[in-house]
Structures are given as structure tokens and as C-alpha cells.
Amino acid sequence: MDRVIRIGMLGCGTVGGGIVQILHREADDITVRTGAKLEVTRIAVRDLSRSRGLPVPDEVYTDDPAAVVAADDVDVVVEVMGGIDPAGALIRRALELGKPVVTANKELVAQQGPELYASAKAAGVDLAYEAAVAGAIPIIKPLKESLAGDRVRRVVGILNGTTNYILTRMTEEGASYEDVLADAQALGYAEADPTADVGGHDAAAKCAILASLAFDTSVHGDDVHREGIENVTATDIRTADRLGYVIKLIGIASEVDDQVAVRVHPAFLPKEHPLAAVRDAFNAVYVEAEAAGELMFYGRGAGAEPTGSAVVGDIIDVSRNLLQTARGAHESHHRAKPIRPIQDLTTQYYVLLDVADRSGVLAEVATTFGDHDVSIAQVWQEGSSETAQLVLITHRAREGDLQATVDALKALPHVRNVASVLRVEAEVFAQ
Ligand SMILES: NC(=O)c1ccc[n+]([C@@H]2O[C@H](COP(=O)([O-])OP(=O)(O)OC[C@H]3O[C@@H](n4cnc5c(N)ncnc54)[C@H](OP(=O)(O)O)[C@@H]3O)[C@@H](O)[C@H]2O)c1
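Parameters and conventions
- Residues numbered from 1 in each chain as written.
- Predicted model: local features only at pLDDT ≥ 70, side-chain atom pairs only at ≥ 80, totals over all residues.
- Helix = DSSP H or I, 4+ residues; strand = E, 2+ residues; numbered from the N terminus.
- Rg over C-alpha atoms; globule rule 2.2 N^0.38 Å.
- Buried ≥ 20, exposed ≤ 12 C-beta atoms within 10 Å, placed from the backbone.
- Contact = placed C-beta atoms within 7 Å.
- Expected span 1.5 Å × (residues − 1).
- Domains from an automatic or database assignment.
- Near = placed C-beta within 6 Å.
- Nonpolar A, V, L, I, M, F, W, Y, C, P; charged D, E, K, R; others polar.
- Pairing = 2+ DSSP bridges.
- Core = buried A, V, L, I, M, F, W, Y, C linked by C-beta atoms within 7 Å.
- Axes fitted to C-alpha atoms, helices over the stretch in contact; angles between N-to-C directions.
- Parallel < 35°, antiparallel > 145°, perpendicular 65-115°, else oblique.
- Left-handed = near helix turned anticlockwise from the far one by under 90°.

(A) Quick look at the overall build of the protein. Each helix and strand in the protein was counted, giving 14 helices and 17 strands. Expected size for 431 residues packed as a compact globule is a radius of gyration near 22 Å; at 24 Å, the protein falls within 12% of this value. Counting only C-alpha atoms and orienting by the principal axes, one finds that the protein spans roughly 85 × 45 × 35 Å. The 431 residues of the protein split such that 46% are buried. Considering only residue pairs separated by 6 or more positions, the protein has 74% of its internal contacts joining residues 24 or more positions apart.

(B) Just helix α1 (residues 14–25), in detail. The terminal C-alpha atoms of α1, which comprises twelve residues, lie 17 Å apart, in line with the 16 Å expected from a rise of 1.5 Å per residue. Among the residues of α1, those classed as buried are Val-15, Gly-16, Gly-18, Ile-19, Val-20 and Leu-23. Buried-residue contacts for α1 involve β1 (4–10), α2 (27–34), β2 (37–44), β4 (76–79) and α12 (304–323).

(C) Spatial organisation of the domain arrangement of the protein. Examined at the domain level, the protein breaks down into domain 1 (4–136 + 304–323), domain 2 (140–300) and domain 3 (343–424). Using only C-alpha atoms to locate each centre, domain 1 and domain 2 end up separated by 27 Å. Contacts between the two partners involve 15 residues from domain 1, matched on the other side by 18 residues from domain 2. In terms of residue count, helix α5 (residues 106–123) provides more of the side of domain 1 that touches domain 2 than any other element does, seven residues in total.

(D) Focus on the site of the ligand. Around the ligand sit 24 residues in total, of which Gly-11, Gly-13, Val-15, Gly-82 and Ala-302 are the nearest. Considering each element in turn, the shell around the ligand owes the most residues, three residues, to α1. Looking at the shell around the ligand residue by residue, the classes come out as eleven nonpolar, nine polar and four charged.

(E) Region of the structure containing the pairing of strand β9 (residues 245–256). Burial analysis of β9 places eleven of its twelve residues in the buried class, which makes it a mostly covered element. Of the pairings in the sheet, the one linking strand β7 (residues 152–158) to β9 comprises four bridges and is antiparallel in character. Paired with Val-155 across the two strands is Ala-253, which belongs to β9. In this sheet, strand β10 (residues 259–270) lies alongside β9 in antiparallel orientation, the contact comprising twelve bridges. Paired with Ile-252 across the bridge in β10 is Arg-263. Here β9 hands over to β10 after two residues, with Asp-257 in that stretch at a positive phi of 50°.

(F) Looking closely at unusual backbone geometry. For the peptide bond that leads from Asp-85 to Pro-86, omega is 5°, which places it in the cis range. Examined against the element boundaries, Pro-86 turns out to sit in the loop between β4 and α4 (87–96). One non-glycine residue, Ala-134, adopts positive backbone phi at about 60°. Looking at the secondary structure, you find Ala-134 in the loop between β6 (127–128) and α6 (140–146). A positive phi angle is found at Asp-257, which is not glycine, with a value near 50°. The residue Asp-257 is located in the loop between β9 and β10 in this model.

(G) How the structure looks around the nonpolar core. The biggest cluster of nonpolar side chains holds 132 residues, and the ones touching the most others in it are Val-78, Cys-207, Leu-210, Ala-211 and Val-311. For Ala-211, the residues in contact, after removing those within four places along its chain, are Val-155, Val-219, Ala-253, Val-260 and Val-262.

(H) Region of the structure containing the sheet that holds β2. Taking strand neighbours across the sheet as the criterion, the six strands line up as β3-β2-β1-β4-β5-β6 in an open arrangement whose pairing is parallel. Here the strands that pair on one side only, and so sit at the sheet edges, are β3 (61–62) and β6. Strand direction decides the pairing type here: β1 and β2, joined by seven bridges, are parallel. Across the sheet, the residue bridging to Ile-7 is Val-40, located in β2. α12 rests against β1, β2, β4, β5 (101–103) and β6 of the sheet, and its axis sits at about 160° to β4.

(I) Highlighting the pairing of strand β12 (residues 293–300). Where strand β11 (residues 282–289) meets β12, eight bridges bridge the pair, whose relative direction is antiparallel. For Val-285, the partnering residue across the bridge sits in β12 and is Phe-297. Hairpin connection between β11 and β12: a loop of three residues separates the two successive antiparallel strands.

(J) Representation of the environment of Val-285 within the structure. Tracing the sequence through the fold places Val-285 in strand β11. By the C-beta count within 10 Å, which is 28 here, Val-285 ends up buried. Each C-alpha atom of the pair Val-285 and Tyr-298 lies 6.5 Å from the other, and the pair is 13 residues apart in sequence. Not counting chain neighbours up to four residues away, the residues in contact with Val-285 comprise Ala-134, Ile-137, Ile-139, Val-155, Gly-157 and Phe-297.

(K) Looking closely at the packing of α4 against α5. Relative orientation of the contacting elements α4 and α5 amounts to 15°, with a least axis distance of 9 Å. As judged from the angle between their axes, α4 and α5 are roughly parallel. Here α4 and α5 pass one another in a crossing that is right-handed. Of the residues in α5, those touching α4 at Ala-87, Gly-88, Ile-91, Arg-92, Leu-95 and Glu-96 are Leu-108, Gln-112, Leu-116, Ser-119, Ala-120 and Ala-123. Considered class by class, the residues forming the contact of α4 with α5 number seven nonpolar, three polar and two charged.

Below, the structure is given as C-alpha cells:
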């Protein structure tokens, strides 16, 4: 077996380092499985002066990523530099040159997926991105290949480890969001600028990719209705717990009336649902399909080797295809489906109000809900000082009606603050 597939890497940080280590450690088995030796011949980084301690010769490093793409001794390009530019242009160039590409870049795939898939198709080569969603968890291939004969009804995921870690600690320690975030930053679990994670941007990008594959359409990252966890309080978590729920940041994609409904936000999930048991930085994706029924994929959504495992799996896959001058399974974005407006969502809601502790307030609040066609399933009052708290759980209601209710509540003289509004996904799994 003397065939060698030469790999050019764009980037060698957390994920890149994991890839190089796995390729080195598992080299013998990988050679047998692939039918060729996989050799890293070029690596582009920004800082050439940094010692990386990886099992590759010093000469492979360069600070010119375009040269890696164009190099004669690179057969497969692995993009793990992140960001939109220049990663997108480099991938397009590699594909134009007929070189298969493997990427872990969720942001890029969520923004430019259809253009990149079209470039790969035109060039007749593979573009693989298993690591872009939920790190080590195989979910792209199951949706693209294993479930190709089935009809996916819904995909629900815990797609961001940082937020799941924060919410887990808030739940288990009763701590505030601010305290847990500060601690997570000190421990290196959250970035100094945590916006991409806590604001739900990272999860929204992944949710867009999953929705596109699940429903044979093109969902852009910006199509996803997105809310982060910044406003989830210890009170919300306690209330959820008392009612038999946990709060998770979830991504949900489903098909309703030929529209794709796709959203990322914190929500109450029933404690008995498998996703409720996903703790710490773990990720999970729950898929409901017509014939297969319920499927659950669980594992590590980030980290050098977990993510590296998914990338190396893709490298082997595209290399096997390259050896056979074949192309692997491709995306089938053959249906243009409109995105369902969030106002048309129907679900249950939890609403927490700070109100003046006066007689008649509850009646006023209940009338406001009723006036907007939102019916109340449960209500109770806490505290009896100057300001009390009213906790309400609604029956299933239209999001647009709930939003109108909240606007009207804010105008009531005895409602001091609409402290929280969260969706209660009690029936989402039974619909
Ligand atoms: N980290 C995870 O657990 C994880 C999980 C799933 C997906 N991903 C995705 O994987 C990708 C890489 O993430 P990461 O955490 O490994 O990032 P990272 O640690 O910041 O590494 C980025 C690498 O790219 C290099 N680089 C960046 N811009 C460059 C440029 N213009 N020219 C040359 N080299 C450049 C950097 O060089 P220097 O080393 O010299 O700075 C570094 O080696 C991202 O798309 C990310 O979303 C990451």
C-alpha cells in the first residue's frame, strides 16, 4: 500500500492540534481503513514563531494559507482556522482546484452553505463538515445518509456546551447567571467575549445546518429566531424545578404546513425528557423521524480530540472517495421552503411579573391574558410585601398573541415589571 494522500491544513489551534495528534497516533489503522497513508504536508498558521509541539516536521508550517491550498503536494484541504474571511474564499479556491475540503466551520457553513455545496458539486469533489455541528457527535451523516429514506419531523438539540454548562451549574447550585459566567470564564470554559455562546449565535448556526439537512432546504443562520440565556435568572430555574422542568438552551427545527420553523432559545423542558439529563458541557441532538421514531445522539460538542475525531472521520471519508474518483453523499436542497414566522409558533409560556401587592391585580392580569386569547393554565403569587411576584403558566398559545399580552401587561399600572417570559416545551415532544 504505497498510495499517500497529502493533507494541507488551514489553521492549527485547538481543533487542528487534535487532528494532527489523532492522525499520528492512529496512523497504522487509519492507513488500512483508508487504503492510503494520510500525511500532513502543509499547515498554515498566523504565528510562525509559536512552538506547537506536534508530531510534524517544522518545515510544514507556513503563514500563507493560499499557498497551502494551491500546493502541488496537497490533495485534501482541512479548514480549521474559523471565521468567514478568508476561510470561505480559501475553501472555494480549493474546490475549484478539484481538492476535497473538510471543515469544522459552523459559522461559514451556516452563512454560505448553499454556495459552497454548489462549488463542490461543480468541481465534482467532496465538502465534508461533520465537526461543524456538535463536535464529536455524528449527526450530519445520520441526517444526510442514514435517514435519507425517512421523513424527519423534528430536530431538537442542545448544541452549545458553554451555555449548557452555565445552566447546569445554575440548576445544581442555585447560583446566578453572572456568578457562573464569571467562574466559567476564569476556568476557560467560556470565552472572554461570551456573546457567540450565551447569545445563542453559535447554536443558531448549528441549528440552521441541521434544519437544512433535515428538511431538504436552505436555512441561513440569520433565518433562525434566536434568544440567548443572558436573562435567565435563578428564580426562573427554581420555578422550573418546582414544576418538574429544567431550563435548557435548545435549538428546534420542524416542518409545519410546508414551512420550516427554526428557533434557538432557553426553554422549560420536562425533567423526564432525555435532553433534560444532558449536563455540563455535553451536547445532544434528538431527532424524530416518521419511520425510525425517536433517535438521540449524545456526546462532547467541543474540544481538541472530540472535534478532531469528527474531522479525521471526514478526512478518511473524502480520501476514500478521492481514491475511487467518486463523490460522497451530497446535500439535497431541492425544496425552497419559507421560514415560519415566530409569531405563528404555538407553545406554552411561563411569565413572571413583579406586581404591586394590591387587591384586584390578579383579576386585571387575568383579563389582559383573556383579551388576547391566551388562556392561563396555572397561576400563583409569591411574596406579600410592597411588591409581589405573579407566576403564570399558559396553555398553548400563539406567540403573536403572547407578545401582545406582554405589551399590554407592561402598560398596566400595577404591573411593575415583566421579569421573565420563557417558552414551556411541555408538549413539543408529543405534537
Ligand atoms: N474548539 C472547538 O472545540 C471547536 C468545536 C467544533 C468546531 N470548531 C470550529 O473549528 C474551527 C477552529 O476552531 P479552534 O478552536 O481550533 O480555533 P483556534 O484554536 O483559534 O485556531 C485557529 C487556527 O487558525 C489559525 N489562523 C487563523 N486565522 C488565520 C489566517 N488568516 N492565516 C493563517 N492561519 C490562521 C490560527 O493560527 P495561530 O495558531 O498562529 O493563531 C490557529 O492555528 C472554528 O471554525 C470553530 O468554530 C471548534
